[in-house]
Amino acid sequence: MIVPQADDQRNTIYRIKDAAGRHIADHVREEKPDGDKVYRWRLPDGTWGLNGTKLSALPLYGAEQVAAWNPDDLVVVVEGEKAQAAMDRTDYFNVLGTVCGASTTPGLGALEILRSFRVCLWPDNDDAGRTHMERIAEDLDGIADEVLIYTWDEAPEKGDAADHPAIQ
């Protein structure tokens, strides 16, 4: 199970690791007093930014757990680290999260970790989230054994896996 860190009451730090468990970067989520949120990237040495690394090249959140998973089990892919962490706490599913935002698609190198798995994509309930997962579904053709897309009809606008009653 992955447990996000908090460096104060407003910041949550999501440690991004590759399949071998190497620390690649931190995705820092800062909650603003007005309810907005800001995301920033930080390298393991504390330098802000990604030093030219493309978002699409970053591993999926939770990638370090995949080696321990049964290849016959379903893997759920959600949009974002917060949704992944919420689902991961339930121990219902093997779950990974995209880290690139809905406007970017994880690269084939990041998606390769899903080779030969059955995959269920769980989009956020908005057009950007659905389009994000549709692009991932196309890229998983020939990588994953099966690709499903979950539809939660009662989801609130922009709702994600972390909002689902079975996850909370």
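Summary of the structure given here.

Conventions adopted
- Residues numbered from 1 in each chain as written.
- Predicted model: local features only at pLDDT ≥ 70, side-chain atom pairs only at ≥ 80, totals over all residues.
- Heavy atoms only, no water.
- Helix = DSSP H or I, 4+ residues; strand = E, 2+ residues; numbered from the N terminus.
- Rg over C-alpha atoms; globule rule 2.2 N^0.38 Å.
- Buried < 20%, exposed > 50% of the residue type's maximum accessible area, 1.4 Å probe, protein only.
- Contact = heavy atoms within 4.5 Å.
- Areas by Shrake-Rupley, 256 points an atom, 1.4 Å probe, with all protein chains shown as cover.
- Lys, Arg positive; Asp, Glu negative; His and termini not counted.
- Charge placed at Lys NZ, Arg CZ, Asp CG, Glu CD.
- Phe/Tyr/Trp six-rings, centres within 6.5 Å; stacked < 30°, edge-to-face > 60°.
- Lys NZ or Arg CZ within 6 Å of the ring centre and 35° of its normal.

## Description of the overall build of the protein chain
Next up, step 1: Helix and strand counts for the protein chain stand at 3 helices and 8 strands.
Next up, step 2: Its helices and strands in sequence order give the protein chain the pattern β-β-β-β-β-α-β-α-β-α-β, from N to C terminus.
Next up, step 3: For the protein chain, whose C-alpha radius of gyration is 15 Å, the value lies close to the compact-globule estimate of 15 Å for 168 residues.
Next up, step 4: Counting all 168 residues of the protein chain, 47% fall into the buried class.
Next up, step 5: Residue pairs at least 24 apart in sequence account for 58% of intrachain contacts in the protein chain once pairs closer than 6 positions are excluded.
Next up, step 6: Carbon and sulfur atoms make up 47% of the accessible area of the protein chain, which totals about 8,700 Å².
Next up, step 7: Here the protein chain contributes 17 positively and 31 negatively charged side chains, and the mean placements of these two sets differ by 7 Å.

## Re unusual backbone geometry
Next up, step 1: With phi around 70°, Ser116 is a residue other than glycine that occupies positive phi space.
Next up, step 2: Along the polypeptide, Ser116 turns up in the loop between helix H2 (108–111) and strand S7 (118–122).
Next up, step 3: On the basis of relative accessibility, which here comes to 39%, the residue Ser116 falls in the partly exposed class.
Next up, step 4: In this structure, Lys158 takes a positive phi of about 70° despite not being glycine.

## Quick word on the packing of aromatic side chains
Any pair of aromatic rings gets described here by the distance separating the centres and the angle formed by the planes.
Next up, step 1: Within this structure, the stated rule accounts for 5 aromatic pairs.
Next up, step 2: Between Tyr92 and Phe93 the ring centres are 6.3 Å apart and the planes differ by 85°, which places this aromatic pair in the edge-to-face class.
Next up, step 3: Look at Tyr92 and you get exposed, because its relative accessible area is 54%.
Next up, step 4: We classify Phe93 as partly exposed; its relative accessible area is 34%.
Next up, step 5: Ring geometry for Trp122 and Trp152: centres 6.5 Å apart, planes at 80°, overall edge-to-face. Taken together, the positions of Trp122 in strand S7 and Trp152 in the segment after strand S8 (146–149) put the pair 30 residues apart, joining distant regions of the chain.
Next up, step 6: Judged by relative accessible area, Trp152 falls into the buried class, the value being 13%.
Next up, step 7: Ring pairing ties together the aromatic residues Trp122, Tyr150 and Trp152, which thus form one cluster.
Next up, step 8: Over the ring of Trp48 we find Arg40, and its NZ or CZ is 3.9 Å from the ring centre.

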